[in-house]
Each structure stands twice: as C-alpha cells, then as structure tokens.
Amino acid sequence: MFVGDSLSRNQWQSLVCLLYTSVPKTNYNATRVGDVSIFTFLDFGIDVMLDRSVYLVDVVREAKGRILKLDSIEGGKLWKGIDMLIFNTWHWWNRRGPTQPWDYIEIGGQYYKDMDRVVAFEKALITWAKWIDTNIYPAKTMVFFQGISPSHYNGTDWNQPGVKTCLGQRQPVSGSTYPGGLPPALTVLKNVLSTIEKPVTLLDVTNLCLLRKDGHPSIYGLGGRTGMDCSHWCLAGVPDTWNQILYNLVS
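Notes on the structure follow. (Residues numbered from 1 in each chain as written. Predicted model: local features only at pLDDT ≥ 70, side-chain atom pairs only at ≥ 80, totals over all residues. Heavy atoms only, no water.)

1. Some points on the state of the cysteines
With the rule as written, the count across this model stands at one disulfide. Across a sulfur-sulfur distance of 2.2 Å, C166 and C230 are joined as a disulfide pair. In this structure, the disulfide formed by C166 and C230 twists by about -85° around the S-S bond and is classed as left-handed. Of this pair, C166 sits in the loop between β10 (142-145) and α3 (184-193) while C230 sits in the loop between α4 (206-210) and α5 (238-250), placing them 64 residues apart in sequence. Residue C230 is classed as buried on the basis of its relative accessible area of 0%. (Disulfide = S-S within 2.5 Å. Helix = DSSP H or I, 4+ residues; strand = E, 2+ residues; numbered from the N terminus. Buried < 20%, exposed > 50% of the residue type's maximum accessible area, 1.4 Å probe, protein only.)

Below, the structure is given as structure tokens:
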C-alpha cells in the first residue's frame, strides 16, 4: 500500500503498469473504496493499493472548521497488517488559499490559524514515527518512505535565470549535483527517520529527481492544456526508477 498524496499516486500508477506489462494477460480488478484505490491481480491474489492521505495525520471537521491535527493519526487503522507500506508527504504542506484543505492547525489541544509549514511538517512526521514504532511488526510489514519529490518552477535553481516553469525542458541537469541544492524538507525527514526504532527505509529519490527538470508533464498533463504541472512526473518516466529502486531493496 502506498500512503500519501498525488506523488504516491504517481508511484502507485507506475508500479501497477510495470507489474501488469510483465504479465499482460493476467486477470485484474480495479476498484476504489473511499480514499483507497485497489488494483488486484486476481491470478496472484495480490492487491496494490493507494490510500490518499496527503498529510498522513488527520484532517477532521469540527464546529470551528476543518482541523489539521498534527498529533492525531486515526487514519492509520487502514495501514495495519499490510505486507509493504510506502509512505509519502510534503507536496501539500505549503498550500495556501482556496486549495488549502484546513482552517486551523491543532496540536496538544491548542489551535493555531497557521504556523511555519516546515515546523508543522516535522510535528506530523514525529506523530507518524510514533505510530510506526507502536504499530509495525517488522516480521509482517516492510516500511518505506518515498522521500521528497521536487518541483521545477524556478529556472534559477538549475542555472537558467528567468525561466519560470519546466515547459520546453528536454534534457536533465548535467552532472550529478543540483545547483539549487537539496530542499530543507529532506533534512527534516531524515532527522525524524533517524529517531524511529523500527526499520524504515528511505527511497532517497530527491537528488535524482532534482536533475530531471525534463521529466514533468508541463502543459501536456491529463485533460490537455489545463495548467502547468512541474510537480508530477510523466509515465513512463521518473517514478519507474523509484520502483526499480524499491524492487532492488526488496528482492
């Protein structure tokens, strides 16, 4: 089961496609129950699932509005007993305005209209880490974290000042070092992962994705020219590499 936002969906779709093309005549069933999408390989008895949980912690509607609860993770009841879990969050933490799906942040019984988003991200990860240590049994479940998948909306980061999107990018960044450096969220994530007692493996995809400024849908995403998408990834493409890394870690 993949647990996270639309970058998790990117990886889930990639894995489903990779598995299906390896056994193209197999029987399958695709369903969705609530926030969980399930692709079942009927001949093998295998479910490849996606739980849409963009913050990992809970967003709950209360009398005063939609509350992002940094120390609550009731949604974790869906994750128990799964053979392999691949978590991810970060993409939604800087959302503001109409696309922000909460009105208040709550932690320790205190409500905040807002706070530093990186701090909130860290507090949520700490809650998730405690859930892992309390609920995961390594003999049953392997746990991975997808890592921080970057966007490409600022050409200054790859030495093209004035470029505002990934449109027209046809080549990766040359070399193995990204001029703009690594995102601060990655340091936060690695620090929290280092505190977990149960085994959790980081799919450290950040640097390889930073170099792939050419790998996004840009204006050619689902539905045609409806926007500029320099956050998600084309398929076939970068997420296939994420799954090749995952495959090598479990095989």
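Moving on from the model shown.
2. Things to note about the nonpolar core
L70, W79, F87, W93 and W128 are the most contacted members of the largest nonpolar core, which has 41 residues in total. Of all the secondary-structure elements, those providing two or more residues to this core are β3 (36-41), β7 (84-87), α2 (117-135), β10 and α3. Sort the elements by how many residues they give to this core and α2 lands first, with eight residues. Among residues more than four places away in sequence, those in contact with W79 are M1, V3, D51, S53, L56, I73, L85, F87, W128 and W131. One finds V48, L50, W233 and W242 within the second-largest nonpolar core, a separate group that totals 18 residues. (Core = buried A, V, L, I, M, F, W, Y, C linked by side-chain atoms within 4.5 Å. Contact = heavy atoms within 4.5 Å.)

3. Concerning the packing of α2 against α3
The description of two packed helices rests on the angle between their axes and on the distance between the axes. Contact pair α2 / α3: the axes reach a minimum separation of 10 Å and the direction vectors enclose 25°. As the angle between them shows, α2 and α3 are arranged roughly parallel. In this structure, α2 crosses over α3, and the sense of that crossing is right-handed. Here V118, F121, E122, L125, I126, W128 and A129 of α2 lie close against α3, whose contacting residues are A185, V188, L189, V192 and L193. A breakdown of the residues in the contact of α2 with α3 according to their chemical character gives 11 nonpolar, no polar and one charged. (Axes fitted to C-alpha atoms, helices over the stretch in contact; angles between N-to-C directions. Parallel < 35°, antiparallel > 145°, perpendicular 65-115°, else oblique. Left-handed = near helix turned anticlockwise from the far one by under 90°. Nonpolar A, V, L, I, M, F, W, Y, C, P; charged D, E, K, R; others polar.)

4. Some remarks on the side chain of T40
Along the chain, the position of T40 falls in strand β3. Since its relative accessible area comes to 15%, T40 is described here as buried. If sequence neighbours within four positions are ignored, T40 has contacts with N27, Y28, N29, I46 and D47.

5. So, the sheet that holds strand β8 (residues 104-107)
Pairing is mixed in the open sheet, where four strands are placed in the order β5-β6-β8-β9. Looking at strand neighbours, the two that pair on one side only are β5 (58-62) and β9 (110-112), the edges of this open sheet. Ignoring strand direction, the axes of neighbouring strands in this sheet form an average angle of 35°. In this sheet, strand β6 (residues 65-69) lies alongside β5 in antiparallel orientation, the contact comprising five bridges. The residue bridging D58 from the neighbouring strand is K69, located in β6. (Pairing = 2+ DSSP bridges.)

6. As for the pattern of salt bridges
Considering all chains together, one arrives at seven salt bridges under this definition. A salt bridge links R117 to D114; its shortest N-O distance comes to 2.8 Å. In this structure R117 comes out as buried when scored by relative accessible area, which is 3%. A salt bridge links D204 to K190; the nearest nitrogen and oxygen atoms lie 3.2 Å apart. (Salt bridge = Lys/Arg side-chain N within 4 Å of Asp/Glu carboxyl O.)

7. What to know about helix α1 (residues 6-22)
The first and last C-alpha atoms of α1 sit 24 Å apart over 17 residues, in line with the 24 Å expected at 1.5 Å per residue. Every buried residue of α1 is accounted for by S6, L7, S8, N10, Q11, W12, S14, L15 and V16. Summarising the contacts, the buried residues of α1 are in contact with β1 (2-4), β3, β4 (46-52), β7 and α5. N-cap assignment for α1: the residue whose side-chain oxygen lies 2.9 Å from the backbone N of L7 is D5. (Expected span 1.5 Å × (residues − 1). Polar contact = N/O pair within 3.5 Å; in protein donor to acceptor, adjacent residues only side chain to side chain.)

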